[in-house]
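Each chain, letter by letter, is given below.
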Amino acid sequence: MVVTQENVAVNGSRRLSPQEIADVLRDRIRAGDLKAGDRLPTQAELAEEFGVERGTVRQALRALQDDGLLSNVSKGSPPRIAEPPASAGNEPQTTMVGLAPRLADAFSAPHVRVDAACLTAETLMLALGEPVRLIHEGRIRPESIDVRILLPSRDINLAFPVPVDGRGDDDPVHERWLAQRNAQVHVLQHNLRALRSSHGIDVRVAFRALPFTPPIKLYLLNGVEALIAYYMVTRREEEMADVTLDMYDALGSDSLLFSFEERTGQRDAAFVDQSQKWFDALWETITTDLTLS
């Protein structure tokens, strides 16, 4: 980087940009050092702390105000840290509850991109019902929808679900999982591709097969938000025909969903970026075509 006279402090160190100062303050808010209702230091105090002009501080504060992190912004007194809105989704919710509204927000963009890596597509299939409903009601109208989904290959030995007593020549637990996976893929494809004929939306849906069991479920929305939940493995029983399946399984719909948004700060932005790179690398390298038959 070329260091000009404008971005060099008196002591010779590089001056922080407004974006960098805003990111520092965002991190303090996220860490709880600055809590809702707290007043920020004055512009003069912040300028002295960061070694910049007041104009640079004002730009940083405007960025935080635009993100909804500051309230009572006026020339007469320092702003306060804003109360988070009730719908902000700061508290993690179960995947079944938390995913649908995040997808609805993502589908309000003109060009929608959803990438997902999961054990099955059940939760995603159900949650997509919300944005699809909004499209049919005419409340949102994306121009294009691009969905890519990574699911485990049918040919691997899954870590879960798996019979408690171990696999035999016959593995009804695996067959049950495979039948569910395939049915969910068909429903997803149908519901999304139907938007082409009903609303003229450019829709692309693609699947790839993972050579391993994903320990987490990951959803990437428009390249700006990453949602992650851990699969919690538990022992449970399920009736299938005349057989009781005793298995180690994970109920992903009950797992807590944690959100990381690019605009929140440097750490969240880095998490979103690395998650997207992780997904893209898998998609382009060791995954294979998904076989449904």
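Preceding this paragraph is the structure being described.
Residues numbered from 1 in each chain as written. Predicted model: local features only at pLDDT ≥ 70, side-chain atom pairs only at ≥ 80, totals over all residues. Heavy atoms only, no water.

Observations concerning the pairing of strand S9 (residues 225-230)
Part 1 of the reasoning: Along S9, 5 of the 6 residues are buried, which leaves the element largely enclosed by surrounding structure.
Part 2 of the reasoning: Hairpin geometry of strand S8 (residues 216-221) and S9 is characterised by an intervening segment of 3 residues between the two adjacent antiparallel strands and by a positive phi of about 55° at Asn-222. (Buried < 20%, exposed > 50% of the residue type's maximum accessible area, 1.4 Å probe, protein only. Helix = DSSP H or I, 4+ residues; strand = E, 2+ residues; numbered from the N terminus. Pairing = 2+ DSSP bridges.)

Points about the environment of Ile-81
Part 1 of the reasoning: Within the element layout of this structure, Ile-81 appears in strand S2 (residues 80-81).
Part 2 of the reasoning: Beyond its immediate chain neighbours, meaning those up to four positions away, Ile-81 contacts Ile-29, Leu-34, Lys-35, Ala-36, Gly-37, Asp-38, Leu-40, Leu-69, Leu-70 and Ser-71. (Contact = heavy atoms within 4.5 Å.)

Topic: the pattern of salt bridges
Part 1 of the reasoning: Summed over the entire model, instances satisfying the criterion amount to 22 salt bridges.
Part 2 of the reasoning: Across the pair Asp-105 and Arg-102 runs a salt bridge whose closest N-O atoms are separated by 2.6 Å. Placement of both Asp-105 and Arg-102 in helix H4 (residues 95-106) is noted, with a separation of 3 residues, approximately one turn of the helix.
Part 3 of the reasoning: Take Asp-105: its relative accessible area is 43%, and that puts it in the partly exposed class.
Part 4 of the reasoning: Put simply, Arg-148 and Asp-115 hold a salt bridge, and the shortest N to O gap is 2.9 Å. With a gap of 33 residues between them, Arg-148 in strand S5 (residues 144-152) and Asp-115 in strand S4 (residues 111-117) connect regions that are remote in the sequence.
Part 5 of the reasoning: Three or more residues are tied together by salt bridges with common partners; here these are Arg-113, Asp-115, Arg-148 and Asp-280. (Salt bridge = Lys/Arg side-chain N within 4 Å of Asp/Glu carboxyl O.)

Here's the deal with the packing of aromatic side chains
Part 1 of the reasoning: Per the stated rule, a full pass over the model turns up 3 aromatic pairs.
Part 2 of the reasoning: A ring pair is formed by Phe-260 and Phe-271, whose centres lie 4.1 Å apart and whose planes are at 25°; its orientation type is stacked. Here Phe-260 is found in strand S12 (residues 256-261), whereas its partner Phe-271 is found in helix H8 (residues 266-284), with 11 residues between them in sequence.
Part 3 of the reasoning: With centroids separated by 5.9 Å and ring planes inclined at 20°, the aromatic side chains of Phe-279 and Trp-283 adopt a geometry described as stacked. (Phe/Tyr/Trp six-rings, centres within 6.5 Å; stacked < 30°, edge-to-face > 60°.)

Let's talk about the nonpolar core
Part 1 of the reasoning: Formed by 46 residues in total, the largest nonpolar core has its most connected members in Leu-103, Phe-107, Leu-124, Ile-145, Ile-149 and Leu-188.
Part 2 of the reasoning: When residues in this core are grouped by element, the largest group, 6 residues, is from helix H7 (residues 172-199).
Part 3 of the reasoning: For Phe-107, the residues in contact, after removing those within four places along its chain, are Val-112, Val-114, Leu-128, Pro-131, Ile-135, Ile-140, Pro-142 and Ile-145.
Part 4 of the reasoning: Core analysis: the next-biggest nonpolar cluster, separate from the first, contains 16 residues, Ala-22, Ala-47, Val-57 and Ala-60 among them. (Core = buried A, V, L, I, M, F, W, Y, C linked by side-chain atoms within 4.5 Å.)

So, the side chain of Gln-276
Part 1 of the reasoning: With respect to the helices, strands and loops of the structure, Gln-276 is situated in helix H8.
Part 2 of the reasoning: Look at Gln-276 and you get buried, because its relative accessible area is 11%.
Part 3 of the reasoning: Filtering out sequence-adjacent residues up to four positions away, Gln-276 remains in contact with Arg-113, Asp-115, Arg-148, Leu-220 and Gly-223.

Observations regarding the packing of helix H6 (residues 129-136) against H7
Part 1 of the reasoning: Close contact between H6 and H7 brings their axes to 12 Å; oriented N to C, the two are set at 5°. What the angle tells us is that H6 and H7 run roughly parallel. Along the contact surface, H6 presents Val-132, Ile-135 and His-136, while H7 presents Leu-195, Ser-198 and His-199.
Part 2 of the reasoning: In terms of residue class, the contact of H6 with H7 is built from 3 nonpolar, 3 polar and no charged. (Axes fitted to C-alpha atoms, helices over the stretch in contact; angles between N-to-C directions. Parallel < 35°, antiparallel > 145°, perpendicular 65-115°, else oblique. Nonpolar A, V, L, I, M, F, W, Y, C, P; charged D, E, K, R; others polar.)

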